[in-house]
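# Structural features, examined
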Amino acid sequence: YKREATNHATRSERSNGSTMKPLLVYAPAIELGTLSPGSVLPDVPLRLNPSAPGNVWPNNYDSRFHGLVTARFALQQSYNVPAVKAYVDILPQNPIKFVEKMGISSLTPADYSNRSAAIGGIEDGVTVEENTNAYSTFANKGKFIDAYMIEKIEDKNGNVIYQHEVKPVDVFSPQTAYLTLDMMRDVMNRGTAAAVNSRLKFKSDWAGKTGTAQDFKDSWLVATNPNVTFGVWTGYDTPKSLKTSSLPSYSNRTNYLWADLLNAAYDVAPELVDPSESFKMPGGI
C-alpha cells in the first residue's frame, strides 16, 4: 500500500480492448436497425483510417483476414475489421451516446469521432467497475442500473437514515439486449472465452466478451448470467506487454483467473452465483 495505493477496480482507467465491441458497436447497431446477429460483414483488407487513407486498417489480432462473416461469428472470434466497419456505418448516429448512458465517465471529445474507439481505443480508458457495470445493462433487459456499495444505513435504534434508490436508465430495448446476450453466449461457449468452461465447477447461462488492449498491455473478461455480472482485468501498474514465453497465454491467464474467482464465490453463495434460470427471450424477435 505504501508503494502503490491505486484501487485498480474503481480508479485505474485502462483500454478495454474488444470488450468495447458489444457496448459501442454491436448493441447500438442492432438498436439503430443497421445490424442483426446474422448480418454479413467484411473481414477483408479495408482502409478505414481517415488520417492514413492509403494504409490497410484495422487489422485482426492474428494478422489475417477471414472473408465474409456474420456479425455473430465476428464477435465470437473477436475480429476487429468487421467491428470497425459496423461502427463506421453508424458513426453519424452518435453511437457513443449509448456508452454514456451505461456509466462510462472518462470519454473525451476526441472519442466521439475516433474510429478506433470501436475496439477499445479511447483516450483514457475505463475502470473495471465501469466496464463490468456497463455489461449488467444486457442482463437488466437493456436498462442501466448504476452499481452501488451501500444499500442502507440505520442508527442504533433501527431507524433508516439512508436508503439507496435505484434509478434505471433506458439504454437498449429488451430485444436488442437479448440478441446481444445471445451473440455473447457464443463467445463463452466456443469463442475466445471458451477456456473458462473446463475451469468452472458449475454450469450457468453466461454471456460475455474478452478484450486485449494495444501491445497486449491489458487483458479482460467480462461476463454476465441472469444474476451476476463479473469482470476481471489483468495488467501491470506501469503498462507493459503481458505476453511471455514461460506461462500460458495472457488471455488464458485472465480467463482462468475469472473462473477461479467465480468458483470461490460459488463456494460462498452458490444460489447467487449460479441461478437456475436462463436468460428469457422477449417477444418481438
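All of these numbers come straight from a predicted model, not from anything done at the bench. (Residues numbered from 1 in each chain as written. Predicted model: local features only at pLDDT ≥ 70, side-chain atom pairs only at ≥ 80, totals over all residues. Heavy atoms only, no water.)

## Description of the pattern of salt bridges
Scanning the model with the defined rule gives 13 salt bridges in all. Between arginine 14 and aspartate 218 there is a salt bridge whose closest N-O contact spans 3.2 Å. Of the two residues, arginine 14 sits in the segment before helix H1 (20-32) while aspartate 218 sits in strand E8 (residues 218-224), which places them 204 residues apart along the sequence. As far as the burial class goes, arginine 14 and aspartate 218 line up, both buried. (Salt bridge = Lys/Arg side-chain N within 4 Å of Asp/Glu carboxyl O. Helix = DSSP H or I, 4+ residues; strand = E, 2+ residues; numbered from the N terminus. Buried < 20%, exposed > 50% of the residue type's maximum accessible area, 1.4 Å probe, protein only.)

## Observations concerning the packing of aromatic side chains
All told, the structure shown has eight aromatic pairs when counted by the stated rule. Among the aromatic side chains, those forming a connected cluster through ring pairs are Phe98, Tyr135, Phe138 and Phe172. Above the plane of the ring of tyrosine 256 lies arginine 199, whose end atom (NZ or CZ) is 4.0 Å from the centre. In this structure, lysine 240 is placed above the aromatic ring of tyrosine 236, and the distance from its NZ or CZ to the ring centre is 4.6 Å. (Phe/Tyr/Trp six-rings, centres within 6.5 Å; stacked < 30°, edge-to-face > 60°. Lys NZ or Arg CZ within 6 Å of the ring centre and 35° of its normal.)

## Points about the packing of H1 against helix H3 (residues 80-90)
Relative orientation of the contacting elements H1 and H3 amounts to 50°, with a least axis distance of 10 Å. Between H1 and H3, the angle is such that the two are oblique. In terms of crossing hand, the pair formed by H1 and H3 is left-handed. From H1, Lys21, Leu24, Val25, Tyr26, Pro28, Ala29 and Leu32 reach across to H3, where they touch Asn80, Pro82, Ala83, Ala86, Tyr87 and Ile90. (Axes fitted to C-alpha atoms, helices over the stretch in contact; angles between N-to-C directions. Parallel < 35°, antiparallel > 145°, perpendicular 65-115°, else oblique. Left-handed = near helix turned anticlockwise from the far one by under 90°. Contact = heavy atoms within 4.5 Å.)

## Digging into the pairing of strand E7 (residues 207-212)
Of all the six residues making up E7, five are buried; the element is thus mostly covered by neighbouring parts of the structure. One ladder, built from six bridges, connects E7 with E8; its direction is antiparallel. When the bridges of E8 are listed, lysine 209 appears paired with valine 222. Here E7 folds back onto E8 in antiparallel fashion, the turn holding five residues, of which aspartate 215 has a positive phi close to 65°. (Pairing = 2+ DSSP bridges.)

## Some details on a nonpolar patch on the surface
A cluster of nonpolar side chains, namely Met149, Ile150, Ile153, Ile161 and Tyr162, defines an oily patch on the protein surface of about 570 Å² accessible area. Tracing the chain through its elements places isoleucine 153 in strand E4 (residues 152-154). (Patch = residues over 30% accessible without salt bridge, like charges linked within 9 Å, V, L, I, M, F, W, Y side chains within 5 Å. Areas by Shrake-Rupley, 256 points an atom, 1.4 Å probe, with all protein chains shown as cover.)

## A word on the nonpolar core
Soluble globular proteins tend to bury their nonpolar side chains together. Counting 68 residues, the largest nonpolar core has Tyr26, Trp206 and Trp258 as its most contacted members. Of the residues forming this core, the biggest block, eight residues, is contributed by H1. Excluding residues that lie within four positions of it along the chain, tryptophan 206 makes contacts with Arg185, Met188, Leu200, Ala223, Thr224, Asn225, Val228, Trp258, Leu262 and Val273. (Core = buried A, V, L, I, M, F, W, Y, C linked by side-chain atoms within 4.5 Å.)

## Description of helix H5 (residues 128-139)
Along an α-helix, residues three or four positions apart point the same way, because every turn accommodates 3.6 residues. End to end, H5 covers 18 Å across twelve residues, agreeing with the expected 16 Å (1.5 Å per residue, within 8%). For H5, the buried fraction is high: ten of the twelve residues fall into the buried class. When H5 is considered as a whole, its buried residues turn out to be Val128, Glu130, Asn131, Thr132, Asn133, Ala134, Tyr135, Ser136, Thr137 and Phe138. In the core, the buried residues of H5 are packed alongside H1, strand E3 (143-144), helix H6 (174-190), E7, E8 and strand E9 (229-235). Downstream of H5 by one or two residues, lysine 141 has phi in the positive range, about 60°. (Expected span 1.5 Å × (residues − 1).)

## Quick notes on the sheet that holds E7
Strand order in the open sheet made by the three strands is E7-E8-E9, with antiparallel pairing throughout. Lying at the two open borders of the sheet, with one neighbouring strand each, are E7 and E9. The average undirected angle you get between the axes of adjacent strands in this sheet is 5°. Bridge analysis of E8 against E9 gives seven bridges, and the strand direction is antiparallel. Within E9, the residue paired with tryptophan 220 across the bridge is tryptophan 233. On the sheet, helix H7 (residues 250-268) packs against E7, E8 and E9 and is oriented at approximately 140° with respect to E9.

## Some words on the side chain of asparagine 225
Relative to the elements of secondary structure, asparagine 225 occurs in the loop between E8 and E9. Looking at asparagine 225, the relative accessible area reads 0%, which means it is buried. A distance of 3.1 Å separates polar atoms of two side chains, one belonging to asparagine 225 and the other to serine 204. A polar atom in the side chain of asparagine 225 sits 2.8 Å from the backbone oxygen of valine 273. Leave out the neighbours within four places in its chain, and asparagine 225 touches Ala139, Ser204, Asp205, Trp206, Val273, Pro275 and Phe279. (Polar contact = N/O pair within 3.5 Å; in protein donor to acceptor, adjacent residues only side chain to side chain.)

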